[in-house]
Each structure stands twice: as C-alpha cells, then as structure tokens.
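Chain and residue survey
Chain by chain, the residues:
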Amino acid sequence: METARWYSGGRLEVVETSAVEEFERQRSRLFGMAYRMLGSAHEAEDVVHDAFLRWDGAKRDAVGSPPAWLTKVVTNLCLNRLTSARVRRERYVGPWLPEPILTTDGALGPLETAEQRDSVSMALLVLLERLTPTERAVFVLREAFAYSHREIAEILNLSEANCRQLHRRAREHVGTRGSRFDADPRQRFELVQRFLAAARDGDLPSLERLLAEDVTSRADGGGQVGMARRPILGRDRVARYLAGGFTKIPPGVITLEPAEVNGAAAAVFRVDGVVAGVVVLEVADERVVALSILANPAKLTFLAKQLSQN
C-alpha cells in the first residue's frame, strides 16, 4: 500500500496514505470538537495530534466506523485534559477567557446560523466552565454536533439514561440563552468600526450610545499584561474604561483591524505589526452587550498564525 511521510513532534514518520487521507477528512471536525470541549486552541491541536498517533497505531480491521472511533478517542483525550485544566483555571490570574479563533476560514466548522455562532461564542464557552468534564462533553456532543443520546452513551461508555440526565443538568447550569447575535454580519462589522472610532477618540457619548445599559467587559491578561482583573459592569463604567484605555495609547503605536472571532465581530490589535490583543463584541439589537478583551500572549499564538496565513 502507498505510504506518505508525515511529521509528528519533529520526527519523520511513515504511515499508510489511506490512513492519512481518512484522518485528514476528519481533522477539522475533530479540532472543532476538541476546542469546544477545552476552550483552548493549542490544547485542541495537541488532542488532534495525539488522536492521529492512536489512529496510526490502530488495527484497521478493528475500526468499524473511523468517524465514530476518532470521536470517541478525541472525547476521552479531552476528558483527561479537562480534569487538570479545572485546577489550573482555579489559580488563573483575573478572568479566564477562551483562546480566540478566527472563524472566517472555517476553522471551527460552518457558522451560518445564529445557533452555530453561539456554539463557539466567548460567552457560551465561559459558561461551559461551570460544568463537570463529563457534562461538558455531553453538552458539546449533543448541542454542537447533534449526536443522539444513544451515540453519546456509546462514546462515553455510559447508559443512555445517564447521558440524558447529564445533558439536562448541563443545560440547567448553562441556562437559557437566546441568540445574542444580529442576523446581518455587515451591520455587526459597521458597529465595530463605529465602536473603534469612538474608543480611539475618547468619545464617551458615542461609546455610550453603542453600549447596552447592562454591558459587561471582561479582560484576560493572564497576569502577563496589565488588565482589569474583575469584570466591569454597566454602560457608564465600561465606556469610561474603554475611552481611558485608548486615549493613553500614543498615536500610531497600535493598529486596529476588524475581524470575525469566535463567530462574532471583533477587532485585532497590533503593536509594530505583532498581534497584541483582540476585542470580541457580543451584539444584540444593534448594541454591544458584552466585550471580551484578550491580551494574554499565550492565548494569541493560534490567532496570529491564522492571520499570517490569510
């Protein structure tokens, strides 16, 4: 059978071409699944890499359905990581936010509807942190990938009744979320442009008109970058916080560019051409209802790589 060379962890390996081709057909789906379960792009990449190694070493005649087999492997790898991730995040400095991912290139699968965008939104991924690892796996498999309870039971080696209970409990913890996205992407990006102009100019009245009364701003610097370590609540406080932050920046030092991040309108900050931060805007009824500001350098690597490839 034909072979193909594939680099893994810096080591040259020889694997069956058909095995590589089958895995590559599943790669995007597996990455999207792992990211939703972990909220981390680099950990999702590691999980997909580990899944490939297991796939390469598996006996093909023992694999009935490659997609089902790989889903089970990725889910269990994520469960192992979620247990240790919870401990790390309890010690995290300031608010924890998921790693931002550009979604215009299909990295997380199709995001054609408000429900699909919501499945990778910053807000939902933060809420998923409330769940146990198993609850999170059940929720992602059911809500984002439409697996049946019977299929999820097979993936997790649980009873179908147990999976139904876990799913119900997960939905209770997450709460009811209506769509928080305006239907027209063009309107969302126009709002971003107005938002950036008002923030750069320190125009408080214009900022306040763009913000919902109960807007919330969360900033993730991870203790590496000076950011607010508690959420800022309310239109007036958020507007002052944003205007004050922008007006302290010397002109020309930072460039801003609109983007779509985690299915939402966003702005990417660059310092001397290097990605230094991203602001993700959650929009409803033509108002910004939540801002997620990410400046932890460790969380910007994947997004910077995506931008360099565009």
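Residues numbered from 1 in each chain as written. Predicted model: local features only at pLDDT ≥ 70, side-chain atom pairs only at ≥ 80, totals over all residues. Heavy atoms only, no water.

What about the overall build of the protein chain?
Helices and strands together make up the secondary structure of the protein chain, namely 12 helices and 8 strands. Relative to its 310 residues, the protein chain shows a buried fraction of 48%. Across the protein chain, every contact between residues at least 6 apart in sequence was considered, and the portion connecting residues at least 24 apart equals 65%. Carbon and sulfur atoms form 49% of the exposed surface of the protein chain, whose accessible area is close to 15100 Å². (Helix = DSSP H or I, 4+ residues; strand = E, 2+ residues; numbered from the N terminus. Buried < 20%, exposed > 50% of the residue type's maximum accessible area, 1.4 Å probe, protein only. Contact = heavy atoms within 4.5 Å. Areas by Shrake-Rupley, 256 points an atom, 1.4 Å probe, with all protein chains shown as cover.)

Examining helix H7 (residues 149–156)
Where H7 is concerned, the buried positions are His149, Ile152, Ala153, Ile155 and Leu156. Down the axis of H7, the sector holding all buried residues measures 160°, keeping them to one side. Looking at the buried positions of H7, the neighbouring elements they touch are helix H3 (66–90), helix H6 (133–144) and helix H8 (160–174). (Arc of directions from axis to C-beta.)

Structural notes on the packing of aromatic side chains
In total, this model carries 3 aromatic pairs according to the counting rule given. Where Phe23 meets Phe52, the ring centres are 5.1 Å apart and the plane angle is 85°; that geometry is what we call edge-to-face. With Phe23 in helix H1 (residues 17–38) and Phe52 in helix H2 (residues 41–57), this pair connects stretches of sequence that are 29 residues apart. The burial state of Phe23 is the same as that of Phe52; both residues are buried. (Phe/Tyr/Trp six-rings, centres within 6.5 Å; stacked < 30°, edge-to-face > 60°.)

Structural notes on the nonpolar core
The biggest cluster of nonpolar side chains holds 51 residues, and the ones touching the most others in it are Phe23, Phe31, Ile101 and Leu128. Among the elements that line this core, the one with the most residues is H1, at 10 residues. Every residue in contact with Phe31, bar those within four places of it in the chain, is listed here: Ala41, Ala44, Glu45, Val48, Ile101, Ala107, Leu108 and Phe302. Counting residues in hydrophobic clusters, the runner-up holds 25 residues, among them Leu211, Ala265, Phe269 and Ile293. (Core = buried A, V, L, I, M, F, W, Y, C linked by side-chain atoms within 4.5 Å.)

Topic: the confidence of the model for the protein chain
Averaged over the protein chain, the pLDDT score is 86; the fraction of residues at 70 or greater is 89%. Within the protein chain, no element has a lower average pLDDT than strand E1 (residues 3–8), which sits at 48, and none a higher one than H7, at 97. (pLDDT = per-residue confidence, 0-100.)

Things to note about the sheet that holds strand E7 (residues 274–284)
A sheet is described by the order of its strands in space; here 6 strands give the open sequence E4-E3-E8-E7-E6-E5, paired in mixed fashion. Either end of the sheet is taken by a strand with one partner, and the two such strands are strand E4 (232–233) and strand E5 (254–261). Pairing analysis gives 6 bridges linking strand E3 (residues 211–220) to strand E8 (residues 287–294), with the strands arranged parallel. Note that in E8 the partner of Thr216 across the bridge is Ala290. (Pairing = 2+ DSSP bridges.)

Some details on the pattern of salt bridges
The full count for this structure, using the stated rule, is 12 salt bridges. The salt bridge partner of Arg136 is Glu129, with a shortest N-O separation of 2.6 Å. Given the relative accessible area of 2%, Arg136 is considered buried. The exposure class of Glu129 is partly exposed, given its relative accessible area of 23%. Residues joined in a network through salt bridges with shared partners are Glu43, Asp50 and Arg81. (Salt bridge = Lys/Arg side-chain N within 4 Å of Asp/Glu carboxyl O.)

What about H8?
The first and last C-alpha atoms of H8 sit 21 Å apart over 15 residues, in line with the 21 Å expected at 1.5 Å per residue. Every buried residue belonging to H8 is among Cys163, Leu166, His167, Ala170 and Val174, and all of these are buried. Taken down its axis, H8 places every buried residue within 100° of arc, on the same side. Exposed and facing more than 90 degrees away from the buried side of H8 are Ala161 and Glu172. Its buried side turned inward, H8 meets helix H5 (122–127), H6 and H7. (Expected span 1.5 Å × (residues − 1).)

A closer look at the pairing of strand E6 (residues 264–271)
Across the 8 residues that make up E6, a large majority, 7, are buried. In textbook terms, the turn of a hairpin is the stretch between consecutive antiparallel strands, and for E5 and E6 this stretch comprises 2 residues, one of which, Asn262, has a positive phi near 50°. In this antiparallel pair of consecutive strands, E6 and E7, the connection spans 2 residues, and Asp272 shows a positive phi of 50°.

Re the environment of Asp203
In this structure, Asp203 sits in the loop between helix H9 (185–201) and helix H10 (204–210). Taking the relative accessible area as the measure of exposure, Asp203 reaches 28% and is therefore partly exposed. On a C-alpha basis, the gap between Asp203 and Ala243 in space is 7.0 Å, while along the polypeptide they are 40 residues apart.

Some points on the pairing of E5
Pairing of E5 with E6 involves 8 bridges; the strand directions are antiparallel. Bridge pairing in E6 places Val261 opposite Ala264.

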